[in-house]
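Here's the letter readout for the chains.
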Amino acid sequence: METTSRVGAQGAGTADASAADAAAQNAEGAPGARRTVDGYLLASFPWYGLDEAFTGPRWLMQVGSAADGTVEHGATGHGEEPTLRIERADPHAAKQRFAVVVTVASRPGRRSADGTGVLEATSVSSAAWLAGSGLLSCTWPAQMERALRQDWLDQQTALAWELADHLDDSAWSTLSLPVDGVPTDFRYRESEYGWVLAGSAEGVHIGAYGRGMSAYGMGFSVIKDITDYRG
């Protein structure tokens, strides 16, 4: 999966620059109001979010685009928007309740926009990787010394990559959840930081992560009007 980020060698595709940017913005406490709907409107695939059973706040995150500007994936948030405070631990952070839904366009293997390489096909692993790295971006220990934070994040991100590349391993279980009303199997795992799941729908792969909100009663559906998420 080509994005405007560093390129991984195999498996889930590439690390997501947009997720990294979002992590930085959250770490600085940047308000979600700065995020715009423009990128979402350029996508050629449908966006997914929690279905109408969820009645809480909904908010935009960011999209990831290929080098030629094609929108490849993005995320929408539900519940209480997570934030990190770099200079001090936020006692409230551990109590935040949120779920983020990641939508990844289903793409075949193809040549890069500049014709110099080949891009891997997107897969459920792509969605699992983006969800796993997204969870890390909003749960990493804010109380950790600044000099150690990047090492910790690099280590945990590598682990998330490895887990996403082996969805059949025992670290994952199967969870059936409705997608547009149709029962759909997802690969699911929990950790001390929260939960992550990933599966596929028509034309897209869906990932999700969260904390404080149980994944077991969730359902996903196509977002009819993405502008509803502007808050």
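Bear in mind the structure is a predicted one, so any value in this text is a computation, not a measurement. (Residues numbered from 1 in each chain as written. Predicted model: local features only at pLDDT ≥ 70, side-chain atom pairs only at ≥ 80, totals over all residues. Heavy atoms only, no water.)

Section: the pairing of strand 10 (residues 204-211)
So, step 1. The buried fraction of strand 10 amounts to eight of the eight residues, a majority that puts the element mostly inside the structure.
So, step 2. Here strand 10 shows a buried face lined by Val-204, Ile-206, Ala-208 and Gly-210 and a second buried face lined by His-205, Gly-207, Tyr-209 and Arg-211.
So, step 3. In this structure, strand 4 (residues 98-105) lies alongside strand 10, joined through eight bridges in antiparallel fashion. When the sheet's bridge partners are listed, Val-102 is paired in strand 10 with Gly-207.
So, step 4. In the sheet, strand 9 (residues 194-201) pairs with strand 10 via seven bridges, with the strands oriented antiparallel. Bridge pairing in strand 10 links Leu-197 to Ala-208.
So, step 5. Connecting the antiparallel pair strand 9 and strand 10 is a turn made up of two residues, with Gly-203 showing a positive phi of about 80 degrees. (Buried < 20%, exposed > 50% of the residue type's maximum accessible area, 1.4 Å probe, protein only. Helix = DSSP H or I, 4+ residues; strand = E, 2+ residues; numbered from the N terminus. Pairing = 2+ DSSP bridges.)

Overview of the environment of Tyr-40
So, step 1. Here Tyr-40 lies in helix 2 (residues 38-41).
So, step 2. Note on Tyr-40: relative accessible area 3%, which makes it buried.
So, step 3. Non-local contacts of Tyr-40, meaning those with residues more than four positions away in its chain, are made with Trp-47, Leu-60, Met-61, Gln-62, Val-63, Ala-75, Thr-76 and Ile-226.
So, step 4. Only 3.1 Å separates the side chain of Tyr-40 from the backbone nitrogen of Gln-62, close enough to count as a polar contact. (Contact = heavy atoms within 4.5 Å. Polar contact = N/O pair within 3.5 Å; in protein donor to acceptor, adjacent residues only side chain to side chain.)

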